Amino acid sequence: MASYSQEEEKHYREYGPGCEIGSFPKDFVYGPDDPDQDISLIFAPDQKPKILLMGLRRSGKSSIQKVVFHKMTPNETLFLESTNKIESENISNSSFVQFKILDFPGQIDFFEPSFDSEKIFGGHGALVFVIDAQDDYMEALNRLHQTVLRAHKVNPHLRFEVFIHKVDGLSDDTKIETQRDIHQRANDELVDAGMEQIHLSFYLTSIYDHSIFEAFSKVVQKLIPQLPTLENLLNLFISNSGIEKAFLFDVLSKIYIATDSSAVDMQSYELCCEMIDVVIDISDIYGKDEGAQVPFDKESSSIIKLNNATVLYLREVSRYLALVCILREESFDKQGLIDYNFLCFRKAIQDVFDVRKVQLQQLTSSLSSPILQNSHTNGPTT
Ligand SMILES: Nc1nc2c(ncn2[C@@H]2O[C@H](COP(=O)(O)OP(=O)(O)OP(=O)(O)O)[C@@H](O)[C@H]2O)c(=O)[nH]1
């Protein structure tokens, strides 16, 4: 208990109360989506991608999951108990962000007979390996190497994402040096094992700032088959509307599922995240109808003018998806054009979902037909 309060005090001192992540109202949770926006069909149950969270004990796996998907504040993670068995959770059954997340205990032994590698590493998904950057990371690198080799052998399509985590305790120079060192060592080991074709992506993360949300956004985006289409739509939308940057957000987790092709800078991302928080908080206080379960609906929108001649423009695309844009004040003179373009953009997104819905319905009906069921086992494509 004593060590908790010391650590907590340290974080409050360093980051202040303003650094609380996840300030959504506690009762704003994923729920049934609008019937006309039922994007839960984007992935059939058996096609849902999975994200495997692995790493040594106390590296921060459960904290990441709780902060990103359960609105837990970073300081609350100090109370988390060690995970003793594989914990699987479906992240949303109704939002566009659709996957299964599996949190592994740090001490898991792949060579135990009960560890079913085929089942765990098989299928569509990503393996997120968390390394505690505040600790000696040699053992973690060793475990990363074994895990990657084992997983790649079972499933060569699995993506590998390495979170160099807890970097909040490191200076900027140390962060860069740590990332370079871990990158170098991990890749050298793969080359020595003759596995240079395995690609590892590295991210510097911390639950005490937005870096964990940004990194998770990138991991999730790679699992969304419609990503190139969404990016193209965003590019078209911003170039025809005089907008500088646009993010398509999953409102609950603040993961951005797509952005236009211009580079993402952390500040813009943070600004957009904060706008979502402000809009939800205000809607929660003033906008809640009697009986309405969530403060957001697909008609929600907001415009915030900053004193540096920048405008933030938020529109709901569906109950859990919001488009958040940053633009210069002078471009906002043509708000009518932007509003109109947004409606076209929203319609186009709906069309993307509809195509996928039809494909999945066809797949479902073919599975229920005995003749076609046979053809499915021969491998139909969807
Ligand atoms: N400074 C800092 N501490 C963190 C961060 N993320 C997690 N922690 C702390 O790390 C400790 C361990 O976190 P857990 O999430 O329980 O770690 P785990 O990897 O799930 O551990 P096992 O369940 O034992 O495998 C907790 O005290 C967290 O508060 C971070 O980004 N920065």
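Please read all numbers here as calculations on a predicted model, not as lab measurements. (Residues numbered from 1 in each chain as written. Predicted model: local features only at pLDDT ≥ 70, side-chain atom pairs only at ≥ 80, totals over all residues. Heavy atoms only, no water.)

Participant: Got a minute to help me understand the packing of aromatic side chains in this structure?
Facilitator: Two descriptors summarise a pair of aromatic rings, namely the distance from one centre to the other and the angle between the planes of the rings. As enumerated under the stated definition, the model contains twelve aromatic pairs in all. Both rings, one in Phe247 and one in Tyr256, keep their centres 5.1 Å apart while their planes meet at 70°; by these two values the pair is edge-to-face. Residue Phe247 shares its accessibility class with Tyr256, and that shared class is buried. Between the aromatic rings of Phe342 and Phe345, the centroid separation amounts to 6.4 Å while the plane-to-plane angle is 40°, which identifies the pairing as tilted. Placement of both Phe342 and Phe345 in helix α9 (residues 335-368) is noted, with a separation of three residues, approximately one turn of the helix. Here Phe342 and Phe345 have matching classes, each one buried. Cluster of aromatic residues (ring-pair linked, three or more members): Phe69, Phe99, Phe163, Tyr203 and Phe216. Seen from the ring of Phe247, Lys245 lies directly overhead, with NZ or CZ sitting 5.6 Å from the centre. Lys254 extends its terminal NZ or CZ atom over the ring of Phe213, reaching a point 5.4 Å from the ring centre. (Phe/Tyr/Trp six-rings, centres within 6.5 Å; stacked < 30°, edge-to-face > 60°. Buried < 20%, exposed > 50% of the residue type's maximum accessible area, 1.4 Å probe, protein only. Helix = DSSP H or I, 4+ residues; strand = E, 2+ residues; numbered from the N terminus. Lys NZ or Arg CZ within 6 Å of the ring centre and 35° of its normal.)

Participant: Would you mind going over the pattern of salt bridges with me for this structure?
Facilitator: As a working rule, side chains carrying opposite charge can pair if their charged atoms are close by. Scanning the entire structure with this criterion turns up ten salt bridges. Between Asp277 and Lys254 there is a salt bridge, with its nearest N and O atoms 3.3 Å apart. Of this pair, Asp277 sits in helix α8 (residues 266-286) while Lys254 sits in the loop between β7 (245-250) and β8 (255-259); the two residues are 23 residues apart in sequence, bridging distant segments of the chain. Residue Lys254 is classed as buried on the basis of its relative accessible area, which comes to 2%. (Salt bridge = Lys/Arg side-chain N within 4 Å of Asp/Glu carboxyl O.)

Participant: Sorry, what's going on with the packing of helix α2 (residues 61-70) against helix α6 (residues 211-221) here?
Facilitator: Geometrically, a packed helix pair is captured by the angle between its two axes and the distance between the axes. Direction vectors running N to C along α2 and α6 enclose 85°, while the axes themselves pass 10 Å from each other. By the criterion of interaxial angle, the relationship of α2 to α6 is roughly perpendicular. Residues Ile64, Val67, Val68 and Phe69 of α2 lie in contact with α6, whose contacting residues are Ile212, Phe213 and Phe216. Considered class by class, the residues forming the contact of α2 with α6 number seven nonpolar, no polar and no charged. (Axes fitted to C-alpha atoms, helices over the stretch in contact; angles between N-to-C directions. Parallel < 35°, antiparallel > 145°, perpendicular 65-115°, else oblique. Contact = heavy atoms within 4.5 Å. Nonpolar A, V, L, I, M, F, W, Y, C, P; charged D, E, K, R; others polar.)

Participant: What am I meant to see in the pairing of β8 here?
Facilitator: Each regular strand shows side chains that alternate between the opposite faces of the sheet. The buried fraction of β8 is high, at five of five residues. Direction of pairing for β7 relative to β8: antiparallel, over a ladder of four bridges. Opposite Phe247, over in β8, you have Thr259 as the bridge partner. Where β7 folds back onto β8 in an antiparallel hairpin, the turn is made up of four residues, including Lys254, whose phi is positive at roughly 65°. (Pairing = 2+ DSSP bridges.)

Participant: Would you take a moment to explain the nonpolar core for this structure?
Facilitator: Note that soluble globular proteins tend to have their nonpolar side chains buried in a common cluster. Formed by 66 residues in total, the largest nonpolar core has its most connected members in Phe216, Leu248, Leu323 and Phe345. Built from parts of two domains, this core gets at least three residues from each of domain 1 (48-222) and domain 2 (227-364). Dropping the residues within four chain positions of it, Leu323 is found in contact with Leu234, Phe237, Ala246, Phe247, Leu248, Tyr313, Leu314, Arg315, Val317, Phe342 and Phe345. (Core = buried A, V, L, I, M, F, W, Y, C linked by side-chain atoms within 4.5 Å. Domains from an automatic or database assignment.)

Participant: Explain the domain arrangement of the chain to me, please; I cannot follow it from the model alone.
Facilitator: It is common to give the size of an interface as the accessible area lost on bringing the parts into contact. Under the domain assignment used here, the chain contains domain 1 (48-222) and domain 2 (227-364). Measuring from the centre of the C-alpha atoms in domain 1 to the corresponding centre in domain 2 gives 29 Å. The interface of domain 1 with domain 2 comprises 15 residues on the first partner and 18 residues on the second. At the boundary of domain 1 with domain 2, total buried surface from both sides reaches about 1500 Å², with 70% on carbon and sulfur atoms. One can count zero salt bridges joining domain 1 with domain 2. Linking domain 1 with domain 2 are two residue pairs in polar contact (both at pLDDT 80 or more), by the criterion used here. Elements with a minimum of two residues in the side of domain 1 that touches domain 2: α2 and α6. (Buried area = accessible area lost by both parts, 1.4 Å probe. Polar contact = N/O pair within 3.5 Å; in protein donor to acceptor, adjacent residues only side chain to side chain.)

Participant: What am I meant to see in the sheet that holds strand β10 (residues 310-318) here?
Facilitator: For sheets, the rule is that strands pair by backbone hydrogen bonds, running either parallel or antiparallel. A sheet is described by the order of its strands in space; here five strands give the open sequence β8-β7-β11-β10-β9, paired in antiparallel fashion. Each end of this open sheet is capped by a strand with a single partner; those strands are β8 and β9 (301-305). Adjacent strand axes in the sheet meet at a mean angle of 25°, parallel and antiparallel pairs treated alike. Pairing analysis gives five bridges linking β9 to β10, with the strands arranged antiparallel. Its bridge partner lying in β10, Ser301 is registered against Arg315. Across the face of the sheet, α8 comes into contact with β7, β8, β9, β10 and β11 (321-328) while running at roughly 50° to β7.

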